[in-house]
Amino acid sequence: MGCGLRKLEDPEDSSPGKIYSTLKRPQVETKTDTVYEYVLLDFSLEGSRPTVQYVASLCELPQALQPYYTQGYVLVTLHPIILSVGRTRSLPFSLLYRAILARPRPSKQTVSMCHSVPMLRVEEWPLPGESLTGDTVRALIDRVNSSARGGVRFVGSVLQQVSGISNGRVHSPKRGCRSPPRSPPRTPPGERELEENTYSPDLRLLVFFHSWAPGCAPLDSLACQYHQGALSMRVSRKGQVVSALEADWLELTAAYYSKGWSLVDSFVYWDTPKGEPVPRSLEGLFVYEERSTSPPANDTIVVEQWTVIEGSNVKTDYGPLIHTLAEFGWLLTCVLPTPIIRHDSDGNLATKQVVFLQRPVRRQVAGQPRNQAVSVHSDVSNRSVSRGVTSPVPPEELSPTTGGIGGFPVFGGGYPSALSHLEEGGFEQEEGKAEVTCM
């Protein structure tokens, strides 16, 4: 038994990435009632730079992001930019993180309500063992559900270790965050197992939540439930280092998006246990959010995108594309960083990330097929959309820059061919050739 796959290559090309979607370009570009605005911020645990703010700990993010929250932005995901999994030493920028904030574009009809400004809070949870396992992650999801029953909403998580790299995700901060009690009330199934294990003093999970003042939480944010979903990839390696990956992202997520759930976090078991053969596939878990209301099914766009770091700053990334898609109601909910790292022709460090966006399904137009999986190469703009918040930012400067969408032109401008092959009938997969077809 195994995966019936075409040979997975390790292409040394300059292609900036691939785009997968359940829709073709005319449907992707359909206007919706909701338009989003994004702000991308970079933080470092090892010193500030012109476009990067220094924080001694990721626990300081709620305070650092507060000026944006007062303008209606909220954190939608946080991820490390560089993973050093399988490497004997950590790479430069291993302590660099990207926070992505979003808000619906304000309109004249917008009514200010107290529930529009949640509070961001972070908790530090100790973990058993030296690396993540499926059982540990499932117990963590149970714990998240326990917290959600108290009226908070899960945003995401970051794995930390005091010294060295754990799962390549991040180093831990110098100062700790607030940790929940050792034996919280109503311990959910699975959490008791976490409490009874011997904790590694080095391994921690930073968990981010949104909470609201009493009576101010949106109805659909009350009593959210969180579910696990399979995540599997086929990889090729150079020694212990992952150098390429493939996954059928649409197939993996389709059943959950069809229920109206949102993909909010991911865990991948990148590390190979000592003494075990190097696997050709990797497993993990997606975390999906189910609202208390009954939202419509979601369409999705998945982007495998290269991020290039020039000097000490992010040079190119997925920013221009998500700013463009925001005009059509596409909400970014999760970014999966990978340990795939190369140098471009100029010697700059480049790493691959997988970006997940979703939008409620619109009424189907007759003659337009749905669930058409597509894979295309996208162009990368030479501009990065990350911003520093080293000094206080006046409220009037918090809005995205003018000129196109967030300072970037719409399709045909800064991203002329990002989705060009999503044209009606413009791209068809070869018959019988799936991206991943595991048996």
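Residues numbered from 1 in each chain as written. Predicted model: local features only at pLDDT ≥ 70, side-chain atom pairs only at ≥ 80, totals over all residues. Heavy atoms only, no water.

**What about the overall build of the protein chain?**
Here is step 1: Within the protein chain, the secondary structure is distributed over six helices and 18 strands.
Here is step 2: Going through the 439 residues of the protein chain one by one, you find that 56% of them count as buried.
Here is step 3: At a minimum sequence separation of 6, the contacts of the protein chain that also span at least 24 residues come to 82%.
Here is step 4: For the protein chain, the exposed area adds up to about 19200 Å²; of that, 51% sits on carbon and sulfur atoms. (Helix = DSSP H or I, 4+ residues; strand = E, 2+ residues; numbered from the N terminus. Buried < 20%, exposed > 50% of the residue type's maximum accessible area, 1.4 Å probe, protein only. Contact = heavy atoms within 4.5 Å. Areas by Shrake-Rupley, 256 points an atom, 1.4 Å probe, with all protein chains shown as cover.)

**Quick look at the pairing of strand β14 (residues 313-316)**
Here is step 1: Relative to β14, strand β13 (residues 298-310) is paired through three bridges, and the arrangement is antiparallel. By the bridge assignment, E310 is partnered in β14 with N313.
Here is step 2: Joining the antiparallel neighbours β13 and β14 is a turn of two residues, in which G311 adopts a positive phi near 65 degrees. (Pairing = 2+ DSSP bridges.)

**Looking at helix α5 (residues 249-257)**
Here is step 1: Listed in full, the buried residues belonging to α5 are W249, L250, L252, T253, Y256 and Y257. Down the axis of α5, the buried side of the element spans an arc of 155 degrees, and every buried residue falls inside it. (Arc of directions from axis to C-beta.)

**Considering the packing of aromatic side chains**
Here is step 1: Applying the stated rule across the entire model yields 10 aromatic pairs.
Here is step 2: With a centroid separation of 5.7 Å and 85 degrees between ring planes, the pair formed by W249 and F356 is classed as edge-to-face. Placement of W249 in helix α5 and of F356 in strand β16 (residues 349-360) is noted, with a sequence separation of 107 residues between them.
Here is step 3: Judged by relative accessible area, W249 falls into the buried class, the value being 0%.
Here is step 4: Classification of F356 by relative accessible area gives buried; the value is 0%.
Here is step 5: Ring geometry for Y256 versus W261: centroids 6.0 Å apart, planes at 35 degrees, classification tilted. For the pair formed by Y256 and W261, the shared burial category is buried.
Here is step 6: Across from the ring centre of W125, 4.6 Å away, lies the NZ or CZ of R143, which sits over that ring. (Phe/Tyr/Trp six-rings, centres within 6.5 Å; stacked < 30°, edge-to-face > 60°. Lys NZ or Arg CZ within 6 Å of the ring centre and 35° of its normal.)

**What to know about the sheet that holds strand β10 (residues 241-246)**
Here is step 1: Strand order across the open sheet formed by four strands is β10-β9-β12-β11, with antiparallel pairing between neighbours. Of all the strands in the sheet, just β10 and β11 (262-268) have a single pairing partner and so form its edges. The mean angle between the axes of side-by-side strands here comes to 40 degrees, regardless of whether they run parallel or antiparallel.
Here is step 2: Across 10 bridges, the pairing between strand β9 (residues 225-238) and strand β12 (residues 281-290) is antiparallel. (Axes fitted to C-alpha atoms, helices over the stretch in contact; angles between N-to-C directions.)

**Some words on the pattern of salt bridges**
Here is step 1: Counting across every chain of the model gives 12 salt bridges.
Here is step 2: Across the pair E289 and R291 runs a salt bridge, and its minimum N-O distance is 2.9 Å.
Here is step 3: Put simply, K352 and E304 hold a salt bridge, and the shortest N to O gap is 3.9 Å. On the criterion of sequence distance, the pair formed by K352 in strand β16 and E304 in strand β13 is long-range, its members being 48 residues apart.
Here is step 4: Classification of E304 by relative accessible area gives buried; the value is 3%.
Here is step 5: Here the residues in one salt-bridge network are K31, E37, R103, R105 and E327, joined through shared partners. (Salt bridge = Lys/Arg side-chain N within 4 Å of Asp/Glu carboxyl O.)

**What to know about the confidence of the model for the protein chain**
Here is step 1: Averaged over the protein chain, the pLDDT score is 73; the fraction of residues at 70 or greater is 64%.
Here is step 2: Throughout residues 164-175 the model reports pLDDT below 50, and contacts reaching past four residues in sequence, or to other chains, amount to 57 contacts.
Here is step 3: Confidence drops under pLDDT 50 across residues 179-200; counting only partners more than four residues distant or on other chains, this segment forms 40 contacts. (pLDDT = per-residue confidence, 0-100.)

**Some points on helix α6 (residues 319-326)**
Here is step 1: With eight of eight residues buried, α6 lies mostly within the body of the structure.
Here is step 2: Three or more residues of α6 are buried, namely G319, P320, L321, I322, H323, T324, L325 and A326.
Here is step 3: Those residues of α6 that are buried are in contact with β1 (17-21), α1 (25-28), β2 (36-44), β13, β15 (331-343) and β16.

**Looking at the environment of S243**
Here is step 1: Relative to the helices and strands, S243 is located in strand β10.
Here is step 2: Residues S243 and P339 lie 96 residues apart in sequence; the distance between their C-alpha atoms is 7.7 Å.

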